[in-house]
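Each chain, letter by letter, is given below.
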Amino acid sequence: MKLQRKNRRVLALGALAVSGALALTACGSDDTGSSNGGDSSAPASAGSIKCDDAKGQLLADGSSAQKNAIDAWVKQFSAACSGVQINYKGGGSGAGVTAFNQGTVAFAGSDSALKPEEITESKKTCTGGQGIDLPMVGGAIALAYNVPGVDNLVLDAPTIAKIFSGKIKTWDDAAIKKLNPDATLPSTKIQAFHRSDESGTTDNFTKYLTAATPDNWKFEGGKAWTAPGGQAASGSSGVAQAVKQTAGAISYMEESYAKDLTSVAIATGAAQPVKPSSDSATAAIADAKVVGTGKDLALQINYTTKAEGAYPITLVTYEIVCDKGNKPETLPTVKAFLTYIASEDGQGILAENGYAPIPADIISKVRTTVAGLS
């Protein structure tokens, strides 16, 4: 592997160097993340894709947070491997895991690692094996907001928790003023949007609140939103559109969906508040620990990081596959596609499209695991 740099924050830029320009188009989904439509990726990388025995149609579902990355990857892979069609629905992490364990998709995307009971359930689909988590996409969970006249906004964990639990109701609340002494904050009512579908983004966002401000966030975590109040929208693109159309709105979404919106800088205790970016997400992922066992590469994110330049609300999207017992008719295509997206070229697309590449030491383990799928 060429990218062996000690400074993982530079990883995103190093990976980006392999990228050129490729206009993205959506690939058969109603959750296309139109806010990312102007980004591009490199057509040259298609030449290095090894199709092997990939053929036919591959069905997948799951995380909408990674949908823009999947679209870019599918376009590259389809250009290199004629006759292969990959349909990734992007219906949310919960839907993806359910579909995977029911055996209706070849792989699933999830912004949360499989739970023990989900691994047990996966053994019914993975004959002689089980579902495993392969970290493939990193990304900051942006807090995008729509407050006319306020172009820079700083929030900390307690204030965010109080906003999303309904305790802070207007944008000129004293707690927000204290963090933003130079801003002219209106008395506009806060419209906090959350996901209506089961979402790994919700799971990671609430894990951050639980870890960073447990006194202010006492609601049950998980993929389903459990706090009272607020408004709901479906998918990453749904909450992004809601914020765009609603004065006073705020919501959480994977950063690639917030490109046309304004995002909050988080006060973490570091010298400066940190904004979501590919670099700041990679810095946070570099502080993660591998907690999966065997071939499973589930990570534990440090949501309370105070490292300079590390954005704390960060997620990792996993591709979930069977380590053994994959269907013979789809295994060659699954392996070829996952091999590409874990490659230097595949990871190189991510930074340009608002995502964070997986750090070098972790992605090298992913490549080894993909090569051994059976």
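Please read all numbers here as calculations on a predicted model, not as lab measurements.

Turning to the nonpolar core, a few remarks are in order. Judged by nonpolar contacts, the single largest core of 97 residues is most densely connected at W73, F77, M136, F164, I250, F337 and L338. Per element, the largest residue contribution to this core is ten residues, and it comes from strand 4 (residues 131-146). Among all residues touching F337, those that are not within four sequence positions of it are I70, W73, V74, F77, I86 and F107. Counting ten residues, the second largest nonpolar core, distinct from the first, contains F100, I119, I320 and C322.

Let us now look at the state of the cysteines. A full pass over the atoms with the stated rule returns two disulfides. With its sulfur 2.0 Å from that of its partner, C51 forms a disulfide with C81. On the sign convention where negative is left-handed, the bridge of C51 and C81, at about -95° about the S-S bond, is left-handed. One end of the pair, C51, is in the loop between helix 1 (11-16) and strand 1 (56-62); the other, C81, is in the loop between helix 2 (67-80) and strand 2 (84-88), with 30 residues separating them in the sequence.

Moving on to the pattern of salt bridges. Summed over all chains, the structure comprises six salt bridges. Of the charged contacts, one joins D71 and K67 as a salt bridge, the two residues approaching to 2.5 Å between their closest N and O atoms. Placement of the pair is D71 and K67 together in helix 2, with a separation of four residues, close to one helical turn. In this pair, the class of D71 matches that of K67, namely buried. Of the charged contacts in the structure, one is a salt bridge between K259 and E255, with a shortest N-O distance of 3.3 Å. Judged by relative accessible area, K259 falls into the partly exposed class, the value being 39%.

Rules and cut-offs
Residues numbered from 1 in each chain as written. Predicted model: local features only at pLDDT ≥ 70, side-chain atom pairs only at ≥ 80, totals over all residues. Heavy atoms only, no water. Core = buried A, V, L, I, M, F, W, Y, C linked by side-chain atoms within 4.5 Å. Buried < 20%, exposed > 50% of the residue type's maximum accessible area, 1.4 Å probe, protein only. Helix = DSSP H or I, 4+ residues; strand = E, 2+ residues; numbered from the N terminus. Contact = heavy atoms within 4.5 Å. Disulfide = S-S within 2.5 Å. Salt bridge = Lys/Arg side-chain N within 4 Å of Asp/Glu carboxyl O.

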